[in-house]
Amino acid sequence: IGTAALLALAGKPEEALALYDEAYAISEEIGNPWGQAHSLFNAYLVDVEQGNVGRSMARMRACIQRSEEAGFLIPQSAARADLGVQYARLGQIERGTELADQGLEIAKGQTPLAVPMAMVSKAEILFLAGEPEQAESLLTHAELGRLPGPVRGAAGAHVDILRGQL
């Protein structure tokens, strides 16, 4: 999965997705739902960046299911919040908000590392809903510094993009 992440960063998304799909297939073959969730989580992030909305949403739903089976908490939170953003982008603000709130609740209750990620997703939905002051408030309190290095950098860039739109 590390090689796939490097390929995605190097601008080779199709090669990255092929490796994520291979990792998923291997994890499925050996009955490892944690590995399935991990590969789906990374693959849907590439799909989102490539504009593959339907495929990314299908992977998000599968990621949620597999992460629940495995007890893998971060994707249970982050994938819900990310799926909420996709619904909001498609005009379903209420459904998106509900999913982001579920993701944030899971993060707050069980995996604090995912709280900043879920808050950024919720802020994006608020922005899409025409609530820039509430979105900015969430971004201000997201505590991105709690995230590990590469994730912190990506989340920070996302916040910068959102703030540019606010």
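Residues numbered from 1 in each chain as written. Predicted model: local features only at pLDDT ≥ 70, side-chain atom pairs only at ≥ 80, totals over all residues. Heavy atoms only, no water.

### Things to note about the overall build of the protein
The secondary structure content of the protein amounts to nine helices and zero strands. Of the regular secondary structure in the protein, the N- to C-terminal order runs α-α-α-α-α-α-α-α-α. Here the protein has a C-alpha radius of gyration of 15 Å; the compact-globule value for 166 residues is 15 Å, and the two agree. Taken over the C-alpha atoms alone, the protein extends approximately 45 × 35 × 30 Å along its principal axes. Counting every position in the protein, which comprises 166 residues, the buried fraction comes to 45%. Pairs at least 24 apart in sequence give 53% of the contacts found in the protein among residues at least 6 apart. By element, 54% of the accessible surface of the protein is carried by carbon and sulfur atoms, the whole surface being about 8300 Å². Taken together, the 13 basic and 21 acidic charged side chains of the protein have centroids lying 1 Å from each other. (Helix = DSSP H or I, 4+ residues; strand = E, 2+ residues; numbered from the N terminus. Rg over C-alpha atoms; globule rule 2.2 N^0.38 Å. Buried < 20%, exposed > 50% of the residue type's maximum accessible area, 1.4 Å probe, protein only. Contact = heavy atoms within 4.5 Å. Areas by Shrake-Rupley, 256 points an atom, 1.4 Å probe, with all protein chains shown as cover. Lys, Arg positive; Asp, Glu negative; His and termini not counted. Charge placed at Lys NZ, Arg CZ, Asp CG, Glu CD.)

### A word on helix 3 (residues 33-50)
Between its terminal C-alpha atoms helix 3 stretches 25 Å, which fits the 26 Å expected from 18 residues at 1.5 Å a residue. By the burial criterion, the buried members of helix 3 are Gly-35, Gln-36, Ala-37, Ser-39, Leu-40, Phe-41, Asn-42, Ala-43, Tyr-44, Val-46 and Asp-47. Where helix 3 is buried, its residues meet helix 1 (2-9), helix 2 (13-29), helix 4 (53-70) and helix 5 (73-89). Capping the start of helix 3 is the job of one residue whose side-chain oxygen sits 3.1 Å from the backbone nitrogen of Trp-34: Asn-32. (Expected span 1.5 Å × (residues − 1). Polar contact = N/O pair within 3.5 Å; in protein donor to acceptor, adjacent residues only side chain to side chain.)

### Digging into the environment of Arg-55
Here Arg-55 shows up in helix 4. For Arg-55, a relative accessible area of 37% puts it in the partly exposed group. Arg-55 sits 11 residues away from Tyr-44 along the chain, and the two C-alpha atoms are 7.6 Å apart. The residues contacting Arg-55, other than those within four sequence positions of it, are Glu-14, Leu-17 and Asp-47.

### Considerations on the packing of aromatic side chains
In the structure shown here, the tally under the stated rule is two aromatic pairs. Relative to Phe-72, the ring of Trp-34 lies with its centre 4.2 Å away and its plane at 20°, an arrangement referred to as stacked. A residue pair is termed long-range when its members are at least 10 positions apart, and Trp-34 in helix 3 and Phe-72 in the loop between helix 4 and helix 5 qualify at 38 residues. When its relative accessible area of 13% is taken as the criterion, Phe-72 is described as buried. When the centroid spacing of 5.3 Å and the interplanar angle of 80° are considered together, the rings of Phe-41 and Tyr-44 count as edge-to-face. Of this pair, Phe-41 and Tyr-44 both sit in helix 3, three residues apart, roughly one helical turn. (Phe/Tyr/Trp six-rings, centres within 6.5 Å; stacked < 30°, edge-to-face > 60°.)

### Notes on the environment of Arg-152
Of note, Arg-152 is situated in helix 9 (residues 149-165). On the basis of relative accessibility, which here comes to 36%, the residue Arg-152 falls in the partly exposed class. A sequence separation of 35 residues divides Arg-152 from Met-117, and the C-alpha atoms of the two residues are 9.1 Å apart. Ignoring anything within four residues of it in the chain, the contact list for Arg-152 reads Leu-144, Gly-145 and Leu-147.

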